[in-house]
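Below are the chains, spelled out letter by letter.
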Amino acid sequence: MELRDYVRVLRRSWMLIVAFVVLGGALAVAATWRTTKQYAASVTMVVSSPDSTEGAAGAYQGSLLSQQRVKSYANLVSSDRVASAVIDRLHLKTTPEDLRGQIVAAAVPDTVLLKATVRDREPGQARAIADAVGSEFSRAVAQIEAPSGDRPPSVRVSVWERAKLPDSPVSPQPTRNVALGILLGLILGISASIIRFRLDTSISGPDDAADATNLPNLATIGYDTDTVRRPLITDARPHSARAEAFRQLRTNLQFVDVDAGPRSIIITSSLPGEGKTTTACNLAISLAQSGHRVCLIEGDLRRPAFGSYLGVESAAGLTSVLIGAADLDDVLQPWGEGRVGAGKVEVLASGPVPPNPSELLGSKNMAELIELLHSRFDYVLIDAPPLLPVTDAAVLATRTDGVLLVARVGRTRCEQLRRATDALRAVDARMVGTVLNMVPTKGPDAYFYGQYSSYGPRGRHARSSAERSVLASAPDAGVRPAQPHGAGSDGSSRATGSAARATVSVPAARQPAESRRGNAGGSGRGRSGRDGSGRDGSGRDKDEPSRADGSPSEPVGGAVPAGTREPAGVTAPAPRAGADSGGRGPRRGAAQPPGPARPAATADDSASAEPGTAPGGQDAARPPSGR
């Protein structure tokens, strides 16, 4: 582990460390509160020898004798003889052994001083015992050191300073105890964090997934608290980090194998609850938004969930087709019209829950069904059951072009992901990569590239309010042609006031991507039946109505001259009746002559028009820029 790994571990486990610190401090406080207070009183004694000889030599010898005796006397202060004498003198209700534990004696270095300290629960009792120890020890030494005859003792001990009444306890010490408890808790918390990191085998990032599977990671989907209530990206903001993650997954899938990319893909996981179903649904939506035809199959016949996620009917579906109880066209359900862009999504629900899901998914009818769907759709996505509990996904993997393995960060174990990969390799399945789901977006484990929301459009770069209102009026661009404003259900335009002007709408063409690319490459403007400029020999558009004198009429609906292009699905706003050329409102005192009403766009014109052009080939009006 490097230094940054230790820092990341401490940041990740800061709550555990704080808990240990608080626990250590609390235990220290509790131990301090329960400990009995002890008071200490000290008595100082001096060891001396009488000057029996005159001269410096005699004094030096007496000093050496006193220092030697002090070291021996320090051990005799707390002897049973002294303790028994003190008990008899003070009439204490204790034993000599217990009293010896209260007495501590030590010689002051390089001196002839002897200090005895007594601890007791009561300060007065501690002082009395200390004074009694000094007196009784001096008497005991005098008896020991008394020579025979009438000569004085060679060494004598006398009390130099009596004990004082202690005013504060010496034990316990709250500050020291709490500090030691906090320090001990900090050490234990850091140790527990490192041990937890070492023992944690869950997937924490792309590196762990790559080590467990030897597969590339195609996308990291960040954790979003709104996923439970709104699991689909059609309900999220277009520039959210979650929506961009699925766009990244879509792009990486298209470039996994440029020559023979996977068209039928299984989305599965190691265990339930890792987000495979939401990943399959949102991937289908993302592919459809880029103009592809997608078939989404609910291959989880044990726990179907498309009904709650997509709102489709699951009474009949895949099971009905496989057993021959229904035709494919009868159970395919179109979904998301107006919300998935230029493509389309058709859902094949699970149908009745069968008693033998593995046998149905591995049958010949399932293989033929996938081949049939290959010919009708660009992508076939199958939501399969988890790999470790059941074998359905492994059986189904032999019928498809690739498998996408979903893993949940912080929950899926490396061993579980490795076992799921081994199960797929055992049936020789092609694995295209992994997807990490619920990746943290905050904290020490957050990934930098997951914060796509910070790169969304800002205020001064956003569209104007007028342009946003125009774009919001056609949310189903690329799915079905938009009817002109003011048109009836049969497509005919209705005159508005005396002006009787028809509003031009810009429908989006529902045609394959190949035909759109062909139109764009042939004329540069996607128009058919014209030359490169889109004009006839007189220099005007062929479909443009002319006035009575032969001069070309003004553009209808406030359209700008040719050469300008607009986004697909934009409906050009018609000028108000009586408005001037600038579209700023009617001019006072000037009546507007009624102009010729332009014919309504037919269905054929809408089908052959390029997105961004009017049905007759006229360029769409540019919305106000807002600048």
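Our subject is the structure listed above.
Quantities reported herein were computed from a predicted structural model and do not represent experimental measurements.

Each value, and the rule that gives it
Residues numbered from 1 in each chain as written. Predicted model: local features only at pLDDT ≥ 70, side-chain atom pairs only at ≥ 80, totals over all residues. Heavy atoms only, no water. Pairing = 2+ DSSP bridges. Helix = DSSP H or I, 4+ residues; strand = E, 2+ residues; numbered from the N terminus. Axes fitted to C-alpha atoms, helices over the stretch in contact; angles between N-to-C directions. Buried < 20%, exposed > 50% of the residue type's maximum accessible area, 1.4 Å probe, protein only. Arc of directions from axis to C-beta. Contact = heavy atoms within 4.5 Å. Patch = residues over 30% accessible without salt bridge, like charges linked within 9 Å, V, L, I, M, F, W, Y side chains within 5 Å. Areas by Shrake-Rupley, 256 points an atom, 1.4 Å probe, with all protein chains shown as cover. Salt bridge = Lys/Arg side-chain N within 4 Å of Asp/Glu carboxyl O. Core = buried A, V, L, I, M, F, W, Y, C linked by side-chain atoms within 4.5 Å.

**Things to note about the sheet that holds strand E10 (residues 379-383)**
- Spatially, eight strands are ordered E5-E12-E11-E6-E10-E7-E9-E8 in an open sheet, and the strand pairing comes out mixed. A strand with exactly one partner marks an edge of an open sheet, and here the two such strands are strand E5 (217-222) and strand E8 (333-335). The average angle at which neighbouring strand axes cross in this sheet is 25°, direction not considered.
- With four bridges joining them, strand E6 (residues 264-269) and E10 adopt parallel strand pairing. Paired with Ile267 across the two strands is Asp383, which belongs to E10.

**Considerations on helix H8 (residues 206-213)**
- Looking at H8, one finds that the buried residues are Ala209, Ala212 and Thr213. Buried residues of H8, viewed axially, fall in a sector of 80°; they line one side. When the buried face of H8 is taken as reference, the exposed residues oriented beyond 90 degrees from it are Asp207 and Asp211.
- Elements that come into contact with the buried residues of H8 comprise helix H17 (414-426) and strand E12 (431-439).
- Looking at the residues trailing H8, positive phi occurs at Asn214, about 60°.

**Examining a nonpolar patch on the surface**
- The grouping of Leu10, Leu183, Leu186, Ile187 and Ile190 at the surface amounts to a nonpolar patch, some 390 Å² of accessible area in total.
- Per-element accounting of the nonpolar patch gives the leading share, four residues, to helix H7 (residues 174-199).
- For Ile190, the location among the structural elements is in helix H7.
- For Ile190, a relative accessible area of 31% translates into the label partly exposed.

**Regarding the nonpolar core**
- Counting 42 residues, the largest nonpolar core has Ile297, Leu318, Leu348, Met366, Leu369, Leu373 and Ile382 as its most contacted members.
- Apart from residues lying up to four places away in sequence, Ile382 is in contact with Ile265, Ile266, Ile267, Ile297, Gly299, Met366, Ile370, Leu396 and Thr400.
- Within the second largest apolar cluster, 33 residues are counted, among which are Leu283, Leu296, Val347 and Tyr379.

**Thoughts on the pattern of salt bridges**
- Under the defined criterion, the tally for this structure stands at 14 salt bridges.
- Measuring nitrogen to oxygen at the nearest pair gives 4.0 Å for the salt bridge that ties Glu161 to Lys164.
- Glu161 gets classed as partly exposed once you look at its relative accessible area, which sits at 39%.
- Looking at Lys164, the relative accessible area reads 61%, which means it is exposed.
- Put simply, Asp200 and Arg413 hold a salt bridge, and the shortest N to O gap is 3.2 Å. Residue Asp200 is located in the loop between H7 and H8, and its partner Arg413 is located in the loop between strand E11 (402-408) and H17; the two are separated by 213 residues in the primary sequence.
- Salt bridges sharing common partners tie together Arg12, Asp200 and Arg413.

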